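Coordinates in review
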Amino acid sequence: MSTKDSRILSQNGGRYPFKVSDEYFDNLTARIMEQIPEEDVSDKNTKVLDINKNRRRNLWISVVSIAASLALIVTVALNVLPTTTQNVEEMRAEYTDDDYNEDLMTYTMADNMAVYDYLSGYAE
Amino acid sequence: MAKLNEQDILERLKDARTKRRAFEDIVNCFSRQLYWQIHYLLQNHEDTDDVLQNTFIKAWKGIDGFKGDSALGTWLYRIAYNESLTFLKQRRQMVSIDDEDFTGQATFVADEDFDGDETEQVLMQAVSTLPAKQRQVFCMKYFEEKKYEEISELVGTSVGALKASYHIAVEKITNFVKAKES
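Side note on the overall build of chain B
Scanning chain B from terminus to terminus reveals 8 helices and 0 strands. Listing every helix and strand of chain B by position from the N terminus yields α-α-α-α-α-α-α-α. Counting across all 182 residues of chain B, residues that qualify as buried make up 31%. By sequence separation, contacts in chain B at least 24 residues apart represent 59% of the contacts at least 6 residues apart.

Written as structure tokens, this is what we have:
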């Protein structure tokens, strides 16, 4: 550039006419680092470990849930089944031959005459 | 500005235990340089401060992708430059920042951070009319007295193109001053 054309540039001498306080730069790094989220600092290995930890926890929850369910089923079975068996025995004891015959006649729609005919050998 | 061992920084960035501390060293090392490079475009302390912080936040988010293919300063400079352009577009301070015919100019009389006389005010008004890239090149060459090779590495433009850009900028500034005087 020629001296004539760049008179203002020569006069200025290359000084940038803006200032900023030293305190600004003293605090700048701290202010910027405050805006960097802490959780982003964790590396990928840590994240993998966290995922594995979660998986292990979920696996444990599943195993414990299944075990608890089985225990519940067994408990219910042990408590309810004998009662049921007992009830069947009681019902059997109360269910006499007369009851059986009565039910048989009802289901076969047979009346007393049919029974008598059957017993006397007149039935076809 | 303390010299940073980039190889050491890259190693520390890979380790989660040292990553944050390494990034802090980067901020410490480059904040002053980036501040002025952003200020050349925005010419205002508050805006420069905002953009500078955004630049480092963007850099932190993208630091895992930085493999050292370019110098750390170059990488940061480009983030800062893009952030500055985005800021200018958002604020609509310039109609078209890369428009060669753009004739917008700033006044600095009321600015607390302006520390110049009347001549310097005219000079900065002239600088503010330059397109963004030309302004950056002019400021780094004229105010910082950087070598073209250094600027070339930062902005990714050939030395020849930078020389041409600088001379066009000087011509524009000279014409601006002449027009102001007449």
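Some words on the overall build of chain A
Within chain A one finds 5 helices and 0 strands. Moving toward the C terminus, one meets the helices and strands of chain A in the order α-α-α-α-α. Within chain A, buried positions represent 4% of all 124 residues.

Quick word on helix 8 (residues 159-181) of chain B
The end-to-end C-alpha separation of helix 8 of chain B is 33 Å, in line with the 33 Å expected for 23 residues at 1.5 Å each. Within helix 8 of chain B the residues assigned to the buried category are B:L162, B:S165, B:A169, B:V170, B:I173, B:F176 and B:V177. Contacts from the buried residues of helix 8 of chain B go to helix 1 (7-12) of chain A together with helix 5 (118-128), helix 6 (132-142) and helix 7 (148-155) of chain B.

Here's the deal with the interface of chain A and chain B
Chain A puts 24 residues into the contact, and the matching count from chain B is 30 residues. Those elements that provide at least two residues to the side of chain A that touches chain B are helix 1 and helix 2 (22-34) of chain A. Among the elements that make up the side of chain A that touches chain B, the one with the highest residue count is helix 2 of chain A (5 residues). Taken together, the residues of the side of chain A that touches chain B break down into 13 nonpolar, 8 polar and 3 charged.

Structural notes on the nonpolar core
Residues and elements named next belong to chain B. L34, I38, L76, V127, V137, F138 and I173 are the most contacted members of the largest nonpolar core, which has 44 residues in total. Among the domains, domain 1 (1-95) and domain 2 (102-182) are the pair contributing at least three residues each to this core. Among all residues touching V127, those that are not within four sequence positions of it are R135, F138, C139 and I173.

Brief notes about the packing of helix 5 of chain B against helix 8 of chain B
Each packed pair of helices is defined by two parameters, the angle between the axes and the distance between the axes. Residues and elements named next belong to chain B. Across the interface, helix 5 lies against helix 8 with an axial gap of 9 Å and an inter-helix angle of 125°. As far as their axial angle goes, helix 8 and helix 5 are oblique. As helix 5 packs across helix 8, the resulting crossing turns out to be right-handed. Facing V122, L123, A126 and V127 of helix 5, the residues of helix 8 in contact are I173, F176, V177 and K180. Taken together, the residues of the contact of helix 5 with helix 8 break down into 7 nonpolar, no polar and 1 charged.

As for unusual backbone geometry
Residue and element names in this part refer to chain B. The residue Q43 is not glycine, and still its phi comes out positive at about 55°. Here Q43 lies in the loop between helix 2 (16-42) and helix 3 (45-62). Phi at E145 takes a positive value of approximately 55°, unusual for a residue other than glycine. Take E145: it is sitting in the loop between helix 6 and helix 7.

Looking at the confidence of the model for chain B
Residue and element names in this part refer to chain B. With 88% of its residues at a pLDDT of 70 or more, chain B shows a mean pLDDT of 88. Mean pLDDT in chain B bottoms out at helix 5, which sits at 90, and peaks at helix 3, which reaches 96. Of the regions scoring below 50 in pLDDT, residues 99-103 engages in 8 contacts with residues more than four places distant in sequence or in other chains.

Scoring rules and cut-offs
- All residue numbers refer to position in the chain's written sequence, counted from 1.
- All chains are assigned letters beginning with A, and all ligands numbers beginning with 1, in the order in which they are written.
- Local features in this predicted model are restricted to residues of pLDDT 70 or higher, and side-chain atom pairs are both shown and tallied only at a pLDDT of 80 or more, whereas totals for entire chains, interfaces and linings draw on every residue.
- Only DSSP runs of H or I covering at least 4 residues are called helices, and only runs of E covering at least 2 are called strands; the numbering of each starts at the N terminus.
- The exposure scheme places C-beta atoms from the backbone and then counts, for each residue, the other C-beta atoms within 10 Å of its own, assigning buried at 20 or more, exposed at 12 or fewer, and partly exposed in between.
- In this description, any two residues whose backbone-derived C-beta atoms lie within 7 Å of each other are considered to be in contact.
- What a helix should span is 1.5 Å times the count of its residues minus one.
- Under this grouping Gly is polar, as are all residues other than the nonpolar Ala, Val, Leu, Ile, Met, Phe, Trp, Tyr, Cys and Pro and the charged Asp, Glu, Lys and Arg.
- Any set of buried Ala, Val, Leu, Ile, Met, Phe, Trp, Tyr and Cys residues joined through C-beta atoms within 7 Å is what this text calls a nonpolar core.
- Domain limits in this description derive from either an automatic procedure or a database domain assignment.
- Note on geometry: axes are C-alpha line fits, over the in-contact stretch for helices, and angles between N-to-C directions span 0 to 180 degrees.
- Geometric relationships in this document are graded by angle, where less than 35 degrees denotes roughly parallel, more than 145 denotes roughly antiparallel, 65 to 115 denotes roughly perpendicular, and other angles denote oblique.
- Handedness of each helix crossing follows the sense of rotation of the near helix against the far helix: counterclockwise by less than a right angle gives left-handed, clockwise gives right-handed.
- Confidence scores labelled pLDDT are given residue by residue by the predictor and lie between 0 and 100.

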